[in-house]
Amino acid sequence: METIVQVSQYEELARSRVDEAAWCYIASGTGREQTLRGNVAAFEQFWLRPRVLVPTAGCDMGTTVLGTPISLPVMAAPTGFQKLLHPAGEAASARGTGLAQTLYVASSSATTSLEEIASATSGPLWFQLYMYKERVLSEQLVRRAEQAGYRAIVVTLDTPYYGRKERFARKNYSFPEHIAKANFSAEQDDTVDSEMGWDIFDWLRTITDLPLLAKGILTAEDAELAVQHGVAGIIVSNHGGRQLDAALPSVLALPEVVLAVQGRVEVYLDGGIRSGTDVFKALALGARAVLVGRPMLWGLAVAGAQGVTHVFDILREELQYAMALSGCPALSAITPSLIKHQ
Ligand SMILES: Cc1cc2nc3c(=O)[nH]c(=O)nc-3n(C[C@H](O)[C@H](O)[C@H](O)COP(=O)(O)O)c2cc1C
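In the annotation of an unreviewed UniProt entry, the entry for the chain reads Alpha-hydroxy-acid oxidizing enzyme, and the organism field reads Dictyobacter kobayashii. For the chain, the Cofactor (unreviewed entry) comment in UniProt is given as "FMN". Recorded under Sequence similarities (unreviewed entry), the UniProt text for the chain is reproduced unchanged: "Belongs to the FMN-dependent alpha-hydroxy acid dehydrogenase family."

Below, the structure written as structure tokens:
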């Protein structure tokens, strides 16, 4: 068997190990999948301008996100339904992420309850919240997350409706019986709120003191509104190409968001990160850290918690290599002068 040295090998292995419906669910985007492809492809529009003869001894990759230390600037993006991929599901991915000494964002749509996820990992956690038509459902989740030790609430804003994954729908695939959202009971109506506005942040402020993050921002205009509504961080994201097809690839949206925010809140990116050089590029464009969705899921499908830790370790090693070869002794040295758009 080949040694696994790149994240893409986990993708191939995962594809051969999980059943077709599960693969289709995680791999799919929406519509004609322009955004799904664009997220990955857009990273190739950026090139590095390496500096030479800069001593880089060790390359320090440690940073903080909202004050929480992480060992590399890569976190686990919130993804639901992980028991489709591995029987231990989110407990394993959270544990693997914690073992890599980085932060895990638990999804509202997890197949493991938020309390079980919290007890499965030693690493820091944020909770991803959908705003439900039944407001009380969202409220209960926030209170439970607070109780269970989650450190922030990530509010997903790009989902007034769940995106239609045509690839999945066309095959008439559905989930097996035992795959269900674990944070709710079957009788609860978890339809998302399609009428919500920016006042959701004012409402959330009345029920929690945890920092709030806005996930799914792609424009300077919305970044400004998010800052005005008191968020502590912004995640530039198009939901991995799973909501609005033809929405801007996230790395192309990042510069305008960074420019609009002017350092007032932390800016992160997810979508299309597949290597340490992708992480490097996102940081050079102003992201404080990035999140990975599918790469983490591929690791989980292939080798459970261990696979997830290994995915982070591969990204860590590649980032270290990129830093050493471009003259960056620390993350703070990864500046816009090291990147060119072409
Ligand atoms: C299978 C799957 C499930 C997802 N579930 C959620 C979710 O429950 N909540 C959410 O905010 N984002 C969800 N996302 C989006 C991810 O948080 C993230 O934005 C995206 O996966 C990043 O792109 P990448 O997969 O290219 O890394 C999901 C993505 C995938 C692939």
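There is more to say after this.
Trainee: How do you make sense of the site of the ligand when you look at a structure like this?
Mentor: Taken together, 25 residues lie around the ligand, and Pro78, Ser107, Thr156, Asp270 and Arg274 are the ones closest in. A distance of 2.7 Å separates an oxygen atom of the ligand from a polar side-chain atom of Ser107. Residue Tyr130 places a side-chain N or O atom 3.0 Å away from a nitrogen atom belonging to the ligand. Across the complex, the protein chains shield 98% of the 600 Å² of accessible surface that the ligand would expose by itself.

Trainee: Can you help me understand unusual backbone geometry in this one?
Mentor: Backbone phi values are negative for most residues with the exception of glycine, while trans is the configuration of most peptide bonds. Despite not being glycine, Asn172 shows a phi value in the positive range, around 60°. Within the secondary structure, Asn172 is located in the loop between helix H7 (166-170) and helix H8 (199-207). Positioned with a positive phi, Gln262 is a non-glycine residue whose angle comes to about 50°. When you line up the elements, Gln262 lands in the loop between helix H10 (250-261) and strand S10 (266-270).

Trainee: Help me understand the pairing of strand S7 (residues 153-156) in this model?
Mentor: Look at any regular strand and the pattern is simple: side chains alternate between the two faces of the sheet. Side chains Ile153 and Val155 project from S7 onto one buried face, and the interleaved Val154 and Thr156 project onto a second face that is buried too. Handedness of the β-α-β unit built from strand S6 (residues 125-129), helix H6 (residues 135-147) and S7 comes out right-handed. As judged from the four bridges shared by S7 and strand S8 (residues 212-217), these two strands associate in the parallel manner. Each residue of the ladder has a partner; that of Ile153, found in S8, is Leu212.

About the cut-offs
Residues numbered from 1 in each chain as written. Predicted model: local features only at pLDDT ≥ 70, side-chain atom pairs only at ≥ 80, totals over all residues. Heavy atoms only, no water. UniProt positions renumbered as here; feature names shortened; annotations may be inferred. Near = heavy atom within 4 Å. Polar contact = N/O pair within 3.5 Å; in protein donor to acceptor, adjacent residues only side chain to side chain. Areas by Shrake-Rupley, 256 points an atom, 1.4 Å probe, with all protein chains shown as cover. Helix = DSSP H or I, 4+ residues; strand = E, 2+ residues; numbered from the N terminus. Buried < 20%, exposed > 50% of the residue type's maximum accessible area, 1.4 Å probe, protein only. Right-handed = clockwise from strand over helix to strand, strands pointing away. Pairing = 2+ DSSP bridges.

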